[in-house]
Protein chains: 2
Amino acid sequence: MVNETVLKNFFKYVDENQDHYVDRLREAVAIPSVSSDPDRREDVFRMGNWLIELFKKLGISYEAVDVGNHVMSGKTLKLPPILLGSYGNDPKKKTILVYGHYDVQPALLEDGWNSDPWKLVEDSTGRLVGRGSSDDKGPIIGWLNAIEAHQKIGVEFPVNLKICFEGMEENGSEGLDDLIAREADKYFKCVDAVCISDNYWLGVTKPCLTYGLRGISYFNITVSGPGRDLHSGVFGGTVYEPMTDLIILFSKLVTPNGKILIPGINDDVAELKDEEMETYRSIEFKLEELQSAIESKTNIYDNETQTLQARWRYPSLSIHGIEGAFSAPGVKTVLPCKVSGKFSIRSVPNMDPDKITACVDKFLREEFGKLGSENKLQVECVHGAKPWVSSPDHWNFVAAANAVEKVFNCKPDLTREGGSIPVTLTFQDALNKNVLLLPMGRGDDGAHSTNEKLDRHNYTEGIKLLGTYLHEVAAIKST
Amino acid sequence: MVNETVLKNFFKYVDENQDHYVDRLREAVAIPSVSSDPDRREDVFRMGNWLIELFKKLGISYEAVDVGNHVMSGKTLKLPPILLGSYGNDPKKKTILVYGHYDVQPALLEDGWNSDPWKLVEDSTGRLVGRGSSDDKGPIIGWLNAIEAHQKIGVEFPVNLKICFEGMEENGSEGLDDLIAREADKYFKCVDAVCISDNYWLGVTKPCLTYGLRGISYFNITVSGPGRDLHSGVFGGTVYEPMTDLIILFSKLVTPNGKILIPGINDDVAELKDEEMETYRSIEFKLEELQSAIESKTNIYDNETQTLQARWRYPSLSIHGIEGAFSAPGVKTVLPCKVSGKFSIRSVPNMDPDKITACVDKFLREEFGKLGSENKLQVECVHGAKPWVSSPDHWNFVAAANAVEKVFNCKPDLTREGGSIPVTLTFQDALNKNVLLLPMGRGDDGAHSTNEKLDRHNYTEGIKLLGTYLHEVAAIKST
Ligand SMILES: [Zn+2]
Ligand SMILES: [Zn+2]
Ligand SMILES: [Zn+2]
Ligand SMILES: [Zn+2]
């Protein structure tokens, strides 16, 4: 049982120190740690050092792991360190691994920000606006604030905490997978469960726990024929045009309302069970939110449940574009000699990337054969990531649900997401432990967009949530 | 009857003055009169003045018509003058209008030229390499050389010549159509027939007369839905994707082997008559030439006649590309909110641009309706030009064929072209006179490409051809 007095004191301390936490977040936002910009690499290192200083202050033992160099825009750059931290080492306590990232997306005032993206400002409704506020500086500082609060109120920390903060998440997480694999039996050995706070509530009022992510298989389909681009006046009608072939192939992939037509692709989609169906009833989500996000009423389904299921638990196929064809404004009568069409399939349990590739390859080759074209076809899966689904019945999730009830006085929504967060699956596969996604921010935070914000309420209650979750973890039976 | 002695003297003079003509071409090539480059506009004017000096020297009365300004790359630029020249005014003679252009395509050594594009050099096989040598400085100087030769040998010029040389052909011929319309009943009033030397032999050994060009209808098909680009992970499967709709529409336009599937499009294609079929038998053209030009063996037809007919006398449809979709190398999981697909139909007699647009519009709207998509469709014909076909039995063509026989000792091929030369139709419609395309260069001159050349043989014999054609015009019965 969690000691309610302890929680009460913890909550009180957090409430009273809000402004201190906001100042701390302001300091972090002021460091433009953009991992995808070679000119900002120094700032990513600065941000790592800023965290190390906080680790030291809080008595977190740490290692700043050098994971080598990488090449970007033709330059060889040092990768920012992956910070591994340890707080507590009591064999009687559970050990929780928390992951987050200290790098951020690019941001320029000219992109449409209402204020300098590197200066955290609070508006009249309590929105803390600044790049990285919600993704992911608020959450990672949230963990550290919770530790500090426990020290200040003189309460023992309920678990052993392992920390993994990286500085390359927005740029492919270079070096992370290798490190996790290398440390699985060492640094990560005693971990009982994993908690990642790097996603968002589905909406704007109700907290959620996230237990599933779609995978992705990204394909590059190249049709080539002539040795050079041709003039359509001179050659149109006399040669097999790669563009015509590609368009016909692409037209056979998916229907306008999203049904994938590639044989075999839908075979492994997990059946919808009654208990999963049940979880959709209470979820806070309105079609209007989707329509507002897409800025149109071109949604396929007229109800929330089918919409969420289409996003989370059924595969989808999107055609992204064509490389090698004319793509500029205006008029050009080119007959492109080689075109690469790009599409991706968002996959769900129990679909497998290798089988997806095999189905796509077989289908496209067969369909290409039917065209009778003299052109050449190449089918390539350039990126494959498995879908992820966790068990929301696991004690890790139950502890988090209990914490939500104590902080927010409501049961969390059980959500999945349509996109992927690759590290989730990496941790689950490498450590073979339950992974929980426990978001701090709201669905409208605009993580990769202009005017990214974290509501002060989410930040403060989020700190409470992360701390309370660890108390619930300590109290729960882990069998 | 043409006076054979006159021709003999004319030919002899041309042969003896070859080097003088090459020097003259060298001077012209040295002026980089690139009409599409604002920084070269002054050079286009310089080239106009260079021609004016030659007009004066040859006693050609002229007007350099100022056709105003235009805006290019945000700058207001003066349009180069259209040079109208008159040589001879004898009411007993026929009047022939010759058209050509003194501007050229851009050229940079770095593009892959083997020598400075603005310095005419002659290689060991007699190729005169330089930008504009074949397109179209060689031909326009050819007419003037023919005049000069007649003066030198003291022979009366056989016709009244009207000259129309413009400096904007490679950049949309701005101002030309208006001028032609305006002068149709004035400056161009007495014209009996038109001759344009601005295209090429089909191959490399046999001269041709060109009597047909395909038209073009260029379409922009826009499908739009969401108000902004979306992330395929979050939204894939829940919204109607504009790209899916566009791809399906585009797949219904044409088969891989070039059959247009839009109902009504093929209805107005002129029937293939026996006499036209006859003209294909003798044409100098080998499939290998096509394969060498396209650098592959992806030709649709296995015989020359069908290939030429597909290029010249049947419509074709080419899909050029898509604006608004992902088109760069690499991977991007965007779901584009608005995509504009571009395709064009090359039209042939007796197809009409308005009817083509109507067929395309109707068909695409019907097919879009079948998709059941909530997205919006917009169909736009952004450019429509009619096909052109002339009568090769007209005295203008017969005179030219006679001239080819006298200069080259062979009958010319009767060809058409798959592309369009808009001024052809403009002259025919405005003056209601027969228009003949009488090329000087070979099919491999590389007019808009690197290392553009005009063979010395084509230049010299071309001067003879243009002069002889005028003698044949004078001698032939024009009824
Ligand atoms: Zn993040
Ligand atoms: Zn992010
Ligand atoms: Zn030209
Ligand atoms: Zn040209």
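Keep in mind the model is a prediction, meaning the values are calculated, not measured. (Residues numbered from 1 in each chain as written. Chains lettered and ligands numbered in written order. Predicted model: local features only at pLDDT ≥ 70, side-chain atom pairs only at ≥ 80, totals over all residues. Heavy atoms only, no water.)

**What to know about the coordination of the zinc ion (ligand 3)**
Residues and elements named next belong to chain B.
Phase 1: Every protein donor of the zinc ion (ligand 3) is accounted for by H101 (NE2), D135 (OD), D198 (OD) and D198 (OD), and the metal-donor separations fall at 2.0 to 2.7 Å.
Phase 2: Of note is the zinc ion (ligand 3), whose four donor atoms meet at the metal with angles of 52 to 145° in an arrangement that counts as irregular.
Phase 3: Donor residues for the zinc ion (ligand 3), ordered by position in the chain, follow H-x33-D-x62-D.
Phase 4: In this structure, the zinc ion (ligand 3) lies 3.2 Å from the zinc ion (ligand 4), and both are coordinated by D135. Taken together, the residues H101 in strand β5 (residues 95-101) and D135 in helix α4 (residues 133-152) connect sequence positions 34 residues apart. (Donors = N, O, S within 2.8 Å, 3.2 Å for Na, K, Ca; no water. Tetrahedral: all angles 85-135°; square planar, octahedral: opposite > 155°, others 65-115°. Helix = DSSP H or I, 4+ residues; strand = E, 2+ residues; numbered from the N terminus.)

**A word on the interface of chain B and chain A**
Phase 1: Listed by partner, the interface residues are 73 residues for chain B and 73 residues for chain A.
Phase 2: For the pair chain B and chain A, the summed buried area comes to about 5700 Å², and 59% of that belongs to carbon and sulfur atoms.
Phase 3: Counting across the interface, chain B meets chain A through two salt bridges.
Phase 4: In terms of residues, the side of chain B that touches chain A owes the most to one element, strand β13 (residues 316-323) of chain B, which gives eight residues. (Contact = heavy atoms within 4.5 Å. Buried area = accessible area lost by both parts, 1.4 Å probe. Salt bridge = Lys/Arg side-chain N within 4 Å of Asp/Glu carboxyl O.)

**A closer look at the relation of the copies chain B and chain A**
These two copies of the chain differ by a rotation about an axis and a displacement along the same axis.
Phase 1: Here chain B sits on chain A after a turn of 180° about the axis and a move of 0.1 Å along it, with an RMSD of 0.1 Å. What the rotation and shift describe, once combined, is the action of a two-fold rotation axis.
Phase 2: Of the residues that chain B buries at the interface, 100% are likewise interface residues in chain A, meaning the two copies contact each other through the same surface. (Least-squares fit on C-alpha atoms with pLDDT ≥ 70 in both.)

**Here's the deal with the packing of α4 of chain B against helix α14 (residues 456-475) of chain B**
Residues and elements named next belong to chain B.
Phase 1: In contact at an axis separation of 9 Å, α4 and α14 are set at 65° when each is read in the N-to-C sense. By crossing handedness, the relation of α4 to α14 is classed as right-handed. Side by side, α4 and α14 meet where G138, P139, I141, G142, W143, N145, A146 and H150 of the first sit next to Y459, I463, L466, G467, Y469, L470 and H471 of the second.
Phase 2: Among the residues forming the contact of α4 with α14, the class breakdown is nine nonpolar, six polar and no charged. (Axes fitted to C-alpha atoms, helices over the stretch in contact; angles between N-to-C directions. Left-handed = near helix turned anticlockwise from the far one by under 90°. Nonpolar A, V, L, I, M, F, W, Y, C, P; charged D, E, K, R; others polar.)

**Section: the environment of D111 of chain A**
Phase 1: Within the secondary structure layout, D111 of chain A lies in the loop between β5 (95-101) and β6 (121-122).
Phase 2: For D111 of chain A, a relative accessible area of 48% corresponds to the partly exposed category. (Buried < 20%, exposed > 50% of the residue type's maximum accessible area, 1.4 Å probe, protein only.)

**Digging into the side chain of Q291 of chain B**
Phase 1: Its location among the elements puts Q291 of chain B in helix α9 (residues 287-294).
Phase 2: Among all residues touching Q291 of chain B, those that are not within four sequence positions of it are S296, K297 and N299 of chain B.

**A few points about the domain arrangement of chain A**
Residues and elements named next belong to chain A.
Phase 1: For chain A, the assigned domains are domain 1 (4-213 + 388-475) and domain 2 (215-270 + 313-385).
Phase 2: On a C-alpha basis, the centres of domain 1 and domain 2 stand 38 Å from each other.
Phase 3: Buried area between domain 1 and domain 2, both sides added, is near 450 Å², and the carbon and sulfur share of it is 53%.
Phase 4: One can count zero salt bridges joining domain 1 with domain 2.
Phase 5: At the junction of domain 1 and domain 2, the tally comes to zero residue pairs in polar contact (both at pLDDT 80 or more).
Phase 6: Each residue belonging to the side of domain 1 that touches domain 2 can be placed in one class, and the counts come to two nonpolar, three polar and one charged. (Domains from an automatic or database assignment. Polar contact = N/O pair within 3.5 Å; in protein donor to acceptor, adjacent residues only side chain to side chain.)

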